[in-house]
Amino acid sequence: MIDIQDWLMKSTLDSIFKVGFGVDLDTLSGSKEQGTRFSKAFDDSNFIIFHRFVDLFWEVKRYLNIGLEAQLKRNLKVIDDFVFQLIHSKRELMNTGFERSKEDMLSRFLMASIEDPENMTDKYLRDIILNFLIAGKDTSANTLTWFFYMLCKHPFVQEKIAMEIKEVTAMPENQNIEGFAECLTDEVLDKMHYLHAALTETLRLYPAVPLDGKSAEEDDVLPNGMKVKKGDGISYMAYAMGRLTEIWGENAEEFIPERWLDNGKFLPQSSFKFVAFHAGPRICLGKEFAYRQMKILAAVLIFFFKFKLGDESYIARYRTMFTLHMDKGLHLLAFHRSCP
Ligand code: HEM
């Protein structure tokens, strides 16, 4: 039995490090002790910071450096040391003129910092790195976890996705994993309309950012006439909006990927209706990256394996965090598709 949520959290972290910072962290196989320490410190800090919402005395504990706040301080040191080390070694690598290092995001930010060293300090670069990690790691991993949960609860959908992947990639069943992953070009992924729809349907019901908010920069009036004063906070709940019958019809609570399809082609909805990625000028910057990453992971796993819940009657619950984490993980059985 595997806890797929744990594996997905590790693989999205590894993938952001590779694409964003050009580093093989390899927390998935745990081969690098430093990477595993960083990853644990990052996840624990995330939890402790969220816990501040329900702990009236967190500031006192921070002042006295006790309890979770003392733990947070230690974790932040692990995170800072790791990230500053990453920035320094990347800078050294760039100074040697190693061309490939210019391909990732961090290298580009480092090049920009040469032009503007006063504003783009190492602390600023550290915050950029952590910002991308916070925005892009748990969100994709949580979405994929709920997606696999939905596929186990709806085996017919899982089989339809498996068929689509087989048809679009035209790969033989005895293909090896590396060869299969290589065939997943943008062009091939774009043809996976049903998979795209199933991921989007998952996000409608289980938005990775379930509650979001903004504060008004100036006095304003909302479209329904409500007056907002400068500095007022406004929250919206993507989790509730995804389940409103006024928006999605009578079957709003049901998982139906077909609602996103028109003649077999994915039909996007307004981002003000489907708000999982936010909307307007501050819409998620990583949306396309997230879909690509989630489609690659899902396609590889579903092409080779069929998934079932360890306990068929299991009802998943969410854990209150910044993102929609599944409580106690998702324990699945994986069967190789080539085995009868
Ligand atoms: C299923 C996956 C994802 C979901 C559901 C998601 C959702 C969101 C949401 C709701 C916001 C707005 C947050 C706010 O109001 O402040 C946001 C912002 C952002 N996201 Fe994502 N995200 C996902 C994946 C990613 C990935 C993989 C990356 C980067 C690699 C990323 C990068 C960002 C960034 C940089 C912002 C800030 C944009 C800004 O404030 O201008 N996201 N995302």
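Residues numbered from 1 in each chain as written. Predicted model: local features only at pLDDT ≥ 70, side-chain atom pairs only at ≥ 80, totals over all residues.

## Notes on the UniProt feature "binding site: heme" (unreviewed entry) in the chain
Then step 1. Taken from the UniProt record, the annotation "binding site: heme" (unreviewed entry) applies to Cys284.
Then step 2. If you trace the backbone, Cys284 turns up in the loop between strand E7 (265-266) and helix H13 (287-304).
Then step 3. Cys284 gets classed as partly exposed once you count the C-beta atoms within 10 Å, which come to 18.
Then step 4. Setting aside residues up to four positions removed in sequence, Cys284 forms contacts with Phe277 and His278. (UniProt positions renumbered as here; feature names shortened; annotations may be inferred. Helix = DSSP H or I, 4+ residues; strand = E, 2+ residues; numbered from the N terminus. Buried ≥ 20, exposed ≤ 12 C-beta atoms within 10 Å, placed from the backbone. Contact = placed C-beta atoms within 7 Å.)

## Considering the sheet that holds strand E8 (residues 305-309)
Then step 1. Reading across the sheet, the 3 strands line up as E1-E11-E8 and stay open at both edges, with antiparallel pairing between neighbours. The open sheet is flanked by strand E1 (2-3) and E8, the only strands paired with a single partner.
Then step 2. Relative to strand E11 (residues 331-336), E1 is paired through 2 bridges, and the arrangement is antiparallel. The residue bridging Asp3 from the neighbouring strand is His331, located in E11. (Pairing = 2+ DSSP bridges.)

## Points about the nonpolar core
Then step 1. Counting 66 residues, the largest nonpolar core has Phe147, Phe148, Leu195 and Ala298 as its most contacted members.
Then step 2. Per element, the largest residue contribution to this core is 13 residues, and it comes from helix H6 (residues 122-153).
Then step 3. With near-sequence residues (within four places) excluded, Ala298 lies in contact with Leu144, Phe147 and Leu195. (Core = buried A, V, L, I, M, F, W, Y, C linked by C-beta atoms within 7 Å.)

## Focus on the site of the ligand
Then step 1. With respect to spatial proximity, 20 residues lie near the ligand, and among them Ala135, Gly136, Thr139, Cys284 and Gly286 are the closest.
Then step 2. Sorting the residues of the shell around the ligand by element identifies H6 and H13 as the ones contributing at least two each.
Then step 3. The biggest single contributor to the shell around the ligand is H6, with 6 residues.
Then step 4. When the residues that make up the shell around the ligand are grouped by side-chain class, the tally is 12 nonpolar, 6 polar and 2 charged. (Near = placed C-beta within 6 Å. Nonpolar A, V, L, I, M, F, W, Y, C, P; charged D, E, K, R; others polar.)

## Brief notes about unusual backbone geometry
Most peptide bonds take the trans configuration, and most residues that are not glycine carry a negative phi.
Then step 1. In the Ramachandran plot, Ala170 falls in the positive-phi region, its phi being about 50° despite a non-glycine side chain.
Then step 2. For Ala170, the location among the structural elements is in the loop between helix H7 (155-169) and helix H8 (177-182).
Then step 3. For Ala170, a count of 8 C-beta atoms within 10 Å puts it in the exposed group.
Then step 4. Within the chain, Lys328 stands out as a residue other than glycine whose phi angle is a positive 65°.
Then step 5. On the neighbour-count criterion, Lys328 (12 C-beta atoms within 10 Å) is exposed.

## Some thoughts on the packing of H6 against helix H10 (residues 193-205)
Then step 1. Look at H6 against H10: their axes get within 9 Å of each other, and the N-to-C directions meet at 105°. One way to sum up the angle between H6 and H10 is to call them roughly perpendicular. On H10, the residues that touch Thr143, Trp146, Phe147 and Met150 of H6 are Ala198, Leu199, Thr202 and Leu203.
Then step 2. Residue composition of the contact of H6 with H10, by class: 6 nonpolar, 2 polar and no charged. (Axes fitted to C-alpha atoms, helices over the stretch in contact; angles between N-to-C directions. Parallel < 35°, antiparallel > 145°, perpendicular 65-115°, else oblique.)

## Observations regarding the environment of His196
Then step 1. Of note, His196 is situated in helix H10.
Then step 2. Along the sequence, His196 and Leu261 sit 65 residues apart, while their C-alpha atoms lie 9.6 Å from each other.
Then step 3. Residue contacts for His196: discarding those within four places in its chain leaves Phe266, Tyr291 and Lys295.

## Description of the environment of Phe266
Then step 1. With respect to the helices and strands, the residue Phe266 is situated in strand E7.
Then step 2. We classify Phe266 as partly exposed; it has 17 C-beta atoms within 10 Å.
Then step 3. Measuring from C-alpha to C-alpha, the distance between Phe266 and His193 comes to 5.2 Å, with 73 residues separating the pair along the chain.
Then step 4. Excluding residues that lie within four positions of it along the chain, Phe266 makes contacts with His193, His196, Ala197, Trp260 and Leu261.

## Some words on the environment of Glu254
Then step 1. The residue Glu254 is located in the loop between helix H12 (245-248) and strand E6 (261-262) in this model.
Then step 2. Separated by 49 residues in the primary sequence, Glu254 and Leu205 place their C-alpha atoms 8.5 Å from one another.

## Some points on the confidence of the model for the chain
Then step 1. Overall, the prediction assigns the chain a mean pLDDT of 93, with 98% of residues at 70 or greater.
Then step 2. For this predicted complex, the interface confidence score (ipTM) comes to 0.98, while the overall pTM stands at 0.93. (pLDDT = per-residue confidence, 0-100.)

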